Amino acid sequence: MKLFIIAVGHKMPDWVETAFREYTKRMPREAQIELLELKPGQRAGSSVERAMETERDRIMAALPSGCRKVILDERGAAWTTMKLAEKLQAWQQDGRDVAFVIGGADGLHADVKRLADDLIQLSALTMPHGMVRVLLAEQLYRAVAINQGHPYHRE
């Protein structure tokens, strides 16, 4: 199973790249993370709706065929780390790749949300998109560590 993070936004600060890479390199071979960065829709001289439609089209084109779609949205379900670990274990049994989708500055187009197999939030707080990437990568690593009985996670 491969884990894709499809994120609208590019040109992240160095600290984001460094932290994201730290967690992705820790992932085992059977749960590798691949980041697909998408250029945001143009907002200058255009409407927010048009920018979100452009981002929708880019996200849909980037989604791997047949994958499970986990859409990150502030109104999504609030999973615990343990729930993510349980889901990850079930997804590994399912055998399909999983794509986590992070929207742009104005969120995600409703068409993308309708594709969701799971609609989740990482936090009720608003965070910069770079921080979301790092937090998601860390939580995926933590979930794998839990499932492997690694002492990284403590309760």
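Anyway, here's the lowdown on the structure attached to this text. What you see as residue numbers is a count from 1 along each chain, following the sequence as written. With pLDDT at 70 or above as the cut-off, local features in this predicted model cover only qualifying residues; side-chain atom pairs require 80 or more to be listed or tallied, and sums for whole chains, interfaces and linings still use all residues. Each side-chain value is derived from all of the structure's non-hydrogen atoms; neither hydrogens nor water enter the calculation.

## Section: the overall build of the chain
Within the chain, the regular secondary structure consists of five helices and five strands. What counts as a helix is a DSSP run of H or I of at least four residues, what counts as a strand is a run of E of at least two, and both are numbered from the N terminus. Along its sequence from the N terminus, the chain presents helices and strands in the succession β-α-β-α-β-α-β-α-β-α. Whereas a compact globule of 155 residues would reach a radius of gyration of roughly 15 Å, the chain reaches 15 Å, a difference of no more than 12%. Seen through its principal axes, the chain has C-alpha atoms that stretch 50 × 35 × 25 Å. For every residue, the accessible area obtained with a 1.4 Å probe (protein chains only) is divided by the maximum for its type, and the residue is called buried under 20%, exposed over 50%, and partly exposed between those limits. Buried positions account for 45% of the 155 residues belonging to the chain. Partitioning the intrachain contacts of the chain with sequence separation of at least 6 by distance along the chain shows that 83% fall at a separation of at least 24. Using a 1.4 Å probe, accessible areas were evaluated by the Shrake-Rupley method; residue-level cover was limited to the displayed protein chains. Accessible surface, the chain as shown: approximately 8,300 Å² in total, 49% of it carbon and sulfur. Averaging the coordinates of the 22 positive side-chain charges in the chain and doing the same for the 21 negative ones gives two points 2 Å apart. Atoms counted for the radius of gyration: C-alpha only. Globule rule: 2.2 Å times the number of residues to the power 0.38. Contacts are assigned to residue pairs that have any heavy atoms within 4.5 Å of one another. Positive charges come from Lys and Arg, negative ones from Asp and Glu, while His and the chain ends are left out of the count. Note on charges: their place is set at NZ of Lys, CZ of Arg, CG of Asp or CD of Glu.

## Some thoughts on the pairing of strand S4 (residues 98-102)
Counting buried positions over the five residues of S4 gives five, a clear majority of the element. In this scheme, strands are said to pair when DSSP sees at least two bridges between them. Here five bridges tie strand S1 (residues 3-8) to S4, and the two strands are oriented parallel to one another. Paired with Ala7 across the strands is Ile102, a residue of S4. As judged from the four bridges shared by strand S3 (residues 68-78) and S4, these two strands associate in the parallel manner. Bridge pairing in S4 links Ile71 to Val101.

## Digging into helix H5 (residues 129-147)
Helix span is expected to be 1.5 Å times the residue number reduced by one. Between the first and last C-alpha of H5 there are 27 Å, a value that for 19 residues agrees with the 27 Å anticipated at 1.5 Å per step. Burial analysis of H5 places 15 of its 19 residues in the buried class, the great majority of the element. With its phi angle positive at about 75 degrees, Gly149 sits one or two positions after the end of H5.

## Things to note about the side chain of Gln139
By secondary structure assignment, the location of Gln139 is in helix H5. Any pair of N or O atoms that falls within 3.5 Å is considered a polar contact. Within protein, one atom must be able to donate a hydrogen and the other to accept it, and sequence-neighbouring residues count only if both atoms are side-chain atoms. In terms of polar contacts, Gln139 uses its side chain to reach the side chain of Glu138, at 2.6 Å. In this view, Gln139 contacts Thr81 and Leu84; residues no more than four positions away in its chain are not counted.

## Details of the sheet that holds S1
Here five strands make up an open sheet; going across it, the order is S2-S1-S4-S3-S5 and the pairing parallel. Of all the strands in the sheet, just strand S2 (33-38) and strand S5 (118-121) have a single pairing partner and so form its edges. Adjacent strand axes in the sheet meet at a mean angle of 30 degrees, parallel and antiparallel pairs treated alike. Sheet topology note: the S1/S2 ladder contains six bridges and is parallel. Paired with Ile5 across the bridge in S2 is Leu35. Angles run from 0 to 180 degrees between N-to-C directions of axes, and those axes are lines fitted to C-alpha atoms, restricted for helices to the stretch in contact.

Any link to function would need more than the numbers given here.
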